Amino acid sequence: MTISRRTVLGAGVVAPFATLPFLSRPARAQRASGILRFGLSAFPPNLQPWVSTGASAGTVKLMTHRSLVSYDSKGELRGEIAESWSIDAEGAWVFKLRQGCLFHNGEPVTADDVKWTIEQIAGEKSTAYMRTQFQDIERIEIPDPKTIRLVTKTPQATLPSWFANYNTFVIWRKSAANEPIGAGPFRLVGQERGTSLDLVAFDKFYKPGFPKLKGIKFVVYADENLRNAALQSGDVDIIEYVPWQSMAAVEADPRLKLDSVEGPFMDVLFNGSKPPFNDARVRRAIAHAVKRDDIVKAAFFGRGKPLEGVPIVEGTPWYDKDLARGWNYDPARAKALLAEAGFANGFQTTLLSTAQFGMHKDTAEVVQQHLAAIGIQCELQLPDWSTRVSRGIRGQYDMAIHGVSADNNDPDGLTVVLDTSLSPTHGRSFKVDAPRTIAALARGRAEFDQTKRVEIYKDMQRAALEEVPLVGLAWRSQGYGMDKGVKGFTNLPGALTTSSGAMLEETFFG
Amino acid sequence: MTGAWLAHRIATSLFMAWIVATIVFMALHLVPGDPAELLLSTGGISPDPASVAELREKLGLERPIMVQYGAFLGGLLRADLGTSLVDDYPVLSEIALRLPRTLEIIFAGTLLAIALGVPAGVYAALHRGGRFDRIASGVAALLLAIPVFVVGTLLVLLMAQTLRLMPAGGYVAFTQDPVLHLKLLALPAVAIGKGLAAVLFRMTRASMLDALANDYVRTAHAKGLAPGRVIFVHVLRNALNPVITVLGLHMGTLLGGTVLVEYVFNWPGLSTPLLRAVEARDYPMVVGIVLTISVMFLLINLIVEMLHATLDPRVTAR
């Protein structure tokens, strides 16, 4: 038999079609099985219930654990292990525990477990995220097995929200050190290190009818474009952190939907330990010098909003239209402030950011341009993220760009970024003097009357606009992209967006 | 190849591995960034310094660097690469899990490159100057010029996002789902193999043309041997020697290429933990993985040298 060139070519044309059955995609096999495939942006470094290891780890932990409270789809606190909570006559917070809550090993959740958890978080050897706050709890009392009373050293109006943070889960008090046993709606049944985690529904979860899914498979796609490609090609049902440049494509795809909120924000931080940034007028000049629209366009593809004041979410009682524009773009005013501070001809300085995240670098470049326009020449410093963090904590910078979200939507959740008297971090200005802002934050935390709190936080905003512990630049959109068949999942509003994993217990295929 | 020569070569390789490990260990400790700080800073905001100090002590980072280095060398002698600072997982187990996957895409990419490059090179040489030769030479130049990550991204865009024929990326164990495993392997193998295919094509073509010009080819034809026999038995056998050498040399460079390919296709080989470990300043993990990669490089070199020594005894006499 002779093999002609035609035969070979013919075979080459036919072969790809012969392999098509091999290539065809399984048609929505997951939906029938009730397993949601979730595209995570990072594999959790660990799943320790009290140590902060990022929002992706938080999403997984929110599935396997529960705390006293959590957030509902509107971002309001709702009961979980605690049924109700209130403040008593002596100013202590009292939590009433729900009946019938079980840990994954079948043990009931008791007040002793809650007490033990709080003690562990506040412990001397603790590396817990909420350690500082929890150390304000002076005494934990258990008047009856279903009640727990927390006496704090200073008044704490927002204490219940501490327990909605995804680093404060209630753990069975007899858990082995490396095997924390929680009471969440799902159980972790397997993981492929660095790749995926498999969860199945916990059949004795305390809310009847929940979770609605049979399980969740978390698949990690560190590269944002690949994560988006996995959603578009049907490999996963839902992804977190839809890249801004892909949001329009997700919206345009008839099979997909996008749920985005303005939650995290970008800001400028200062090193206030030396001139010129120890002068509030210089900081204010910078606040008036940057045209925020350019950042929204350049760094976030228009998926965000200018932020010309203290980062308070619009639509909340704390928002004030005028204060929110207190640092409006006004280069003339910026120049006048600089002249007043003795820098009429500007000065040379450095701007620390990171090349590792495009949005940080792009934001820094826009800020650099606008500052140059008022005479401030910045040399950009763009090391990797680890170096950026290290230099931030040590105050080895003049100005820095940062992206962060508040702890929650209460203005007290901004303490972490505004209270410059707290220990130095890469996410707060270094040794910037802002006594009135800090005092107002403390007053707000100690006040329980809502009307008075609103006034206090307006004072806080006025103080911050003058003292400039940071400069707000832009709100950035944070979005979940999902198949239209995924129902019941809500992207929580504002700063709570990273806690949206809590909604997965209500998620189902429709 | 003498025993003494081999012992000398192995000793040199071990010495090189130790030098690499030491350089990586010291360099890592010199760059800014503190693992304890980073571990507790992932929430966007750092924890209080007391928590960081607590963790530093727990991780043994408070000890002087030479003490840490001594402990590292001691562990190395016991074949213990330590545990990850991030998640307390043994480095050796991580490598044992990941290395086979990295080798798998290198192996698949190499097979693909041989299957495409060598026959195409032979065909192009036999039809020198023809349409196939010109087109294939152009394609080979293009494949060499386009970076791996561009090819990878284009493949994902075309095959996964647009045609929805293949998964975008990821990994499933062969034992769990063989078909899906092969589907997930296909695109990374193409991305990693495309450059090598082009190299093999050019090498085979050139080497075949050289061999075809030899007198013995003319003699064979004159003897009346069947043309197929002349090409495949006499010419190809001689032409493949340099091709095999080039293949051996390029296997090492594929290791570097896998970093990008694994990232683009979310293939959980050695690259992902290496990148993550560098970001997190997870010293034992970085040193362990870099050491593994260098040992593999050295091993490939050693094997190539041994092959040379076997084929050409003059090598050991030098």
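For the structure, check the block above.
What counts and how
- Residues numbered from 1 in each chain as written.
- Chains lettered and ligands numbered in written order.
- Predicted model: local features only at pLDDT ≥ 70, side-chain atom pairs only at ≥ 80, totals over all residues.
- Heavy atoms only, no water.
- Contact = heavy atoms within 4.5 Å.
- Buried area = accessible area lost by both parts, 1.4 Å probe.
- Salt bridge = Lys/Arg side-chain N within 4 Å of Asp/Glu carboxyl O.
- Polar contact = N/O pair within 3.5 Å; in protein donor to acceptor, adjacent residues only side chain to side chain.
- Helix = DSSP H or I, 4+ residues; strand = E, 2+ residues; numbered from the N terminus.
- Nonpolar A, V, L, I, M, F, W, Y, C, P; charged D, E, K, R; others polar.
- Axes fitted to C-alpha atoms, helices over the stretch in contact; angles between N-to-C directions.
- Left-handed = near helix turned anticlockwise from the far one by under 90°.
- Buried < 20%, exposed > 50% of the residue type's maximum accessible area, 1.4 Å probe, protein only.
- Pairing = 2+ DSSP bridges.
- Right-handed = clockwise from strand over helix to strand, strands pointing away.

Caption draft 1: Highlighting the interface of chain B and chain A. At the interface, 51 residues of chain B touch 56 residues of chain A. Summed over both partners, the interface of chain B with chain A comes to about 4,300 Å²; 51% of that surface belongs to carbon and sulfur atoms. At the junction of chain B with chain A, the criterion picks out 6 salt bridges. Put simply, Lys125 of chain A and Glu54 of chain B hold a salt bridge, and the shortest N to O gap is 3.4 Å. The tally of links between chain B and chain A comes to 14 residue pairs in polar contact (both at pLDDT 80 or more). Broken down by secondary-structure element, the contributors of at least two residues to the side of chain B that touches chain A are α2 (35–39), α3 (49–59), α5 (91–126), α7 (148–162), α8 (178–212), α10 (227–264) and α11 (271–280) of chain B. Here the side of chain B that touches chain A is built from residues that sort into 28 nonpolar, 10 polar and 13 charged.

Caption draft 2: Quick look at the packing of α5 of chain B against α10 of chain B. Residues and elements named next belong to chain B. Relative to each other, α5 and α10 sit at 145°, their axes nearing to 9 Å. Crossing hand, α5 versus α10: right-handed. Counting all contacts with α5, which are made through Thr102, Ile105, Ile106, Thr110, Ile114, Val118, Val122 and Leu126, the residues of α10 involved are Ile231, Leu236, Leu240, Leu247, Met251, Leu254, Leu255, Thr258, Val261 and Glu262. Here the residues of the contact of α5 with α10 sort into 14 nonpolar, 3 polar and 1 charged.

Caption draft 3: A look at the pairing of strand β14 (residues 347–352) of chain A. Residue and element names in this part refer to chain A. The element β14 is extensively covered by neighbouring structure, given that 5 of its 6 residues are classed as buried. Summarising the sheet, β14 and strand β15 (residues 376–381) pair through 6 bridges and their orientation is parallel. Residue pairing for β15: Leu352 is matched across the bridge by Gln381. Note that the unit made of β14, helix α13 (residues 358–373) and β15 has a crossover that is right-handed. For β14 and strand β16 (residues 399–404), the ladder comprises 2 bridges, and the chain directions are parallel. Each bridged residue has a counterpart across the sheet, and for Leu351 the counterpart in β16 is Met399.

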